[in-house]
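In case you want the letters, here they are:
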Amino acid sequence: MKIAVVSDNIYMAHAFKNILENQMPHVSAHYFCSIFSNPEEFKIQNVQSIDIKKYYTNLIENFNLIFSIHCKQIFPKELVERVRCINVHPGYNPINRGWYPQVFSIINNLETGATIHEMDAELDHGNIIARKKIAIKSWDTSLSLYNKIVETELELLEKHIISIVEKTYTTITPESEGNVYLKKDFNALLHIDLQKKASYKQVINHLRALTHGEFKNAYFVDSETNKKVFVKVILEVEHE
């Protein structure tokens, strides 16, 4: 078994490596990041950067199982058709396909969770190996919800890594096409129209969905200076 792991998430890459080594010490994997990341930051021996769009044939020729773990590049159709590719996705398929699932779940009042699925030519679309829902609390921000999703992804990997590598798992077909959100859909949320009318609930949901640590996401434009003013919220639940 020749395994490749492609990830742009340092925490997830290390966690996956630990799970694989702990449960299947006889199995090794080669680690990659996409061109959007710096391989030196991963601090994983021999990790390499790869432009999947240009050099996917190298993956086809050298590996027969590929894990995509928060990879920022789309896998080409020929790659997923010729090699078994498994995606670890921070959303509950088919409800949360695409970019930043937790953001759209908060704004659109959709369920969310984590999914491991076989990859096909469409975005977050293949047959599902495992998935689990997560409750969204009224005080969750994008970051706090994302962190819970990541831990659920790792829980699913812990439970299913052996069956995935050995290909002894069963799958289910997604119930529908679900919802697909793209990067442009996320970008369309960032500019706050100060003239738009909304309920307090809608406003809070919009802002908490775009509050993700130090990232500057939501903004309005100051009428005098024409400069962006970035906005985020702090939510703290009362403790007994």
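Heads up: the structure comes first, above all this text.
Residues numbered from 1 in each chain as written. Predicted model: local features only at pLDDT ≥ 70, side-chain atom pairs only at ≥ 80, totals over all residues. Heavy atoms only, no water.

Colleague: Got a sec to walk through the side chain of Asp-8? Specific residues and values, please.
Modeller: Among the structural elements, Asp-8 can be located in the loop between strand 1 (3–7) and helix 1 (10–23). Lys-72 provides the closest opposite charge to the buried, unpaired Asp-8, separated from it by 5.9 Å. Side chain to side chain, Asp-8 and Ser-34 meet in a polar contact 2.9 Å long. Leaving out residues up to four positions away in the same chain, Asp-8 has contacts with Cys-33, Ser-34, Ser-37, Phe-42, Ile-69, His-70, Cys-71, Lys-72 and Gln-73. (Helix = DSSP H or I, 4+ residues; strand = E, 2+ residues; numbered from the N terminus. Buried < 20%, exposed > 50% of the residue type's maximum accessible area, 1.4 Å probe, protein only. Lys, Arg positive; Asp, Glu negative; His and termini not counted. Salt bridge = Lys/Arg side-chain N within 4 Å of Asp/Glu carboxyl O. Polar contact = N/O pair within 3.5 Å; in protein donor to acceptor, adjacent residues only side chain to side chain. Contact = heavy atoms within 4.5 Å.)

Colleague: Please give an account of unusual backbone geometry that cites residues and values.
Modeller: For the peptide bond that leads from Asn-93 to Pro-94, omega is 5°, which places it in the cis range. Residue Lys-43 is not a glycine yet carries a positive backbone phi of 55°. Residue placement: Lys-43 occurs in the loop between strand 2 (29–34) and strand 3 (48–50). Backbone geometry places Tyr-100, a non-glycine residue, at a positive phi of 40°. Mapped onto the secondary structure, Tyr-100 falls in the loop between strand 6 (97–98) and helix 4 (101–108).

Colleague: Quick rundown of the sheet that holds strand 2? Include the residues and the values.
Modeller: Spatially, the seven strands line up as an open sheet ordered 3-2-1-4-5-7-8, and their pairing is mixed. A strand with exactly one partner marks an edge of an open sheet, and here the two such strands are strand 3 and strand 8 (128–134). This sheet shows a mean twist of 20° between the axes of neighbouring strands, independent of strand direction. Direction of pairing for strand 1 relative to strand 2: parallel, over a ladder of four bridges. Looking across to strand 2, one finds that Val-5 is bridged to Tyr-31. Running over the sheet, helix 2 (residues 52–62) touches strand 1, strand 2, strand 3 and strand 4 (65–69) and is turned about 115° from strand 3. (Pairing = 2+ DSSP bridges. Axes fitted to C-alpha atoms, helices over the stretch in contact; angles between N-to-C directions.)

Colleague: Kindly report on the pattern of salt bridges, identifying the contributing residues and their values.
Modeller: Evaluation of the coordinates by the stated rule reveals eight salt bridges. With its nearest N and O atoms 3.0 Å apart, the salt bridge here joins Arg-82 to Glu-78. One end of the pair, Arg-82, and the other, Glu-78, are both in helix 3 (residues 77–82), four residues apart, so they sit about a helical turn from each other. Between Arg-97 and Glu-177 there is a salt bridge; the shortest N-O distance is 3.8 Å. Placement of the pair is Arg-97 in strand 6 and Glu-177 in the loop between helix 5 (142–166) and strand 9 (180–181), with a sequence separation of 80 residues.

Colleague: Outline the state of the cysteines, supporting the account with residue identities and numerical values.
Modeller: In this structure the tally under the stated criterion is zero disulfides. Between Cys-33, a free cysteine, and Cys-71, which holds the nearest cysteine sulfur, the sulfur-to-sulfur gap is 8.9 Å. The class for Cys-33 is buried, based on a relative accessible area of 0%. (Disulfide = S-S within 2.5 Å.)

Colleague: With reference to specific residues and values, describe empty space enclosed by the protein.
Modeller: In this approach, a probe sized like a water molecule rolls over the atoms, and the result shows the empty space that is left. For the structure shown, the criterion picks out one cavity of 30 Å³ or more. Lining of the largest cavity is provided by Val-5, Ser-7, Ala-13, Tyr-31, Phe-32, Phe-42, Ile-44 and Val-47. Among the elements of the structure, strand 1 and strand 2 are those that each provide at least two residues to the lining of the largest cavity. Taken together, the residues of the lining of the largest cavity break down into seven nonpolar, one polar and no charged. (1 Å grid on protein atoms, 1.4 Å probe; cavity = no way out; pocket = protein on both sides within 12 Å on 5 of 7 lines; lining within 4 Å. Points joined across faces, edges and corners; volume = space filled by probe spheres on them. Nonpolar A, V, L, I, M, F, W, Y, C, P; charged D, E, K, R; others polar.)

Colleague: Describe the pairing of strand 5 (residues 84–89), naming the residues involved and giving the relevant values.
Modeller: Across a regular strand the side chains alternate sides, sitting on one face of the sheet and then on the other. Most of strand 5 is tucked away: six of the six residues are buried. Covered by surrounding structure in strand 5 are Arg-84, Ile-86 and Val-88 together with Cys-85, Asn-87 and His-89, the residues of both alternating faces. Relative to strand 5, strand 4 runs parallel, the two sharing five bridges. Bridging from a neighbouring strand, Ser-68 pairs with Asn-87 of strand 5. This β-α-β element, strand 4 to helix 3 to strand 5, shows right-handed connectivity. Strand direction decides the pairing type here: strand 5 and strand 7 (residues 112–118), joined by four bridges, are antiparallel. Note on strand 7: the bridge partner recorded for His-89 is Thr-115. (Right-handed = clockwise from strand over helix to strand, strands pointing away.)

Colleague: I'd like a rundown of the packing of helix 1 against helix 5, residues and numbers included.
Modeller: Two elements in contact, helix 1 and helix 5, have axes whose closest approach is 10 Å; the angle formed by their N-to-C orientations is 35°. Taken as a pair, helix 1 and helix 5 cross one another with a handedness that is right-handed. Of helix 5, the residues touching helix 1 (which contributes Tyr-11, Met-12, Ala-15, Phe-16, Ile-19, Leu-20 and Gln-23) are Val-150, Glu-151, Glu-153, Leu-154, Leu-157, Glu-158, Ile-161, Ile-162 and Val-165. (Left-handed = near helix turned anticlockwise from the far one by under 90°.)

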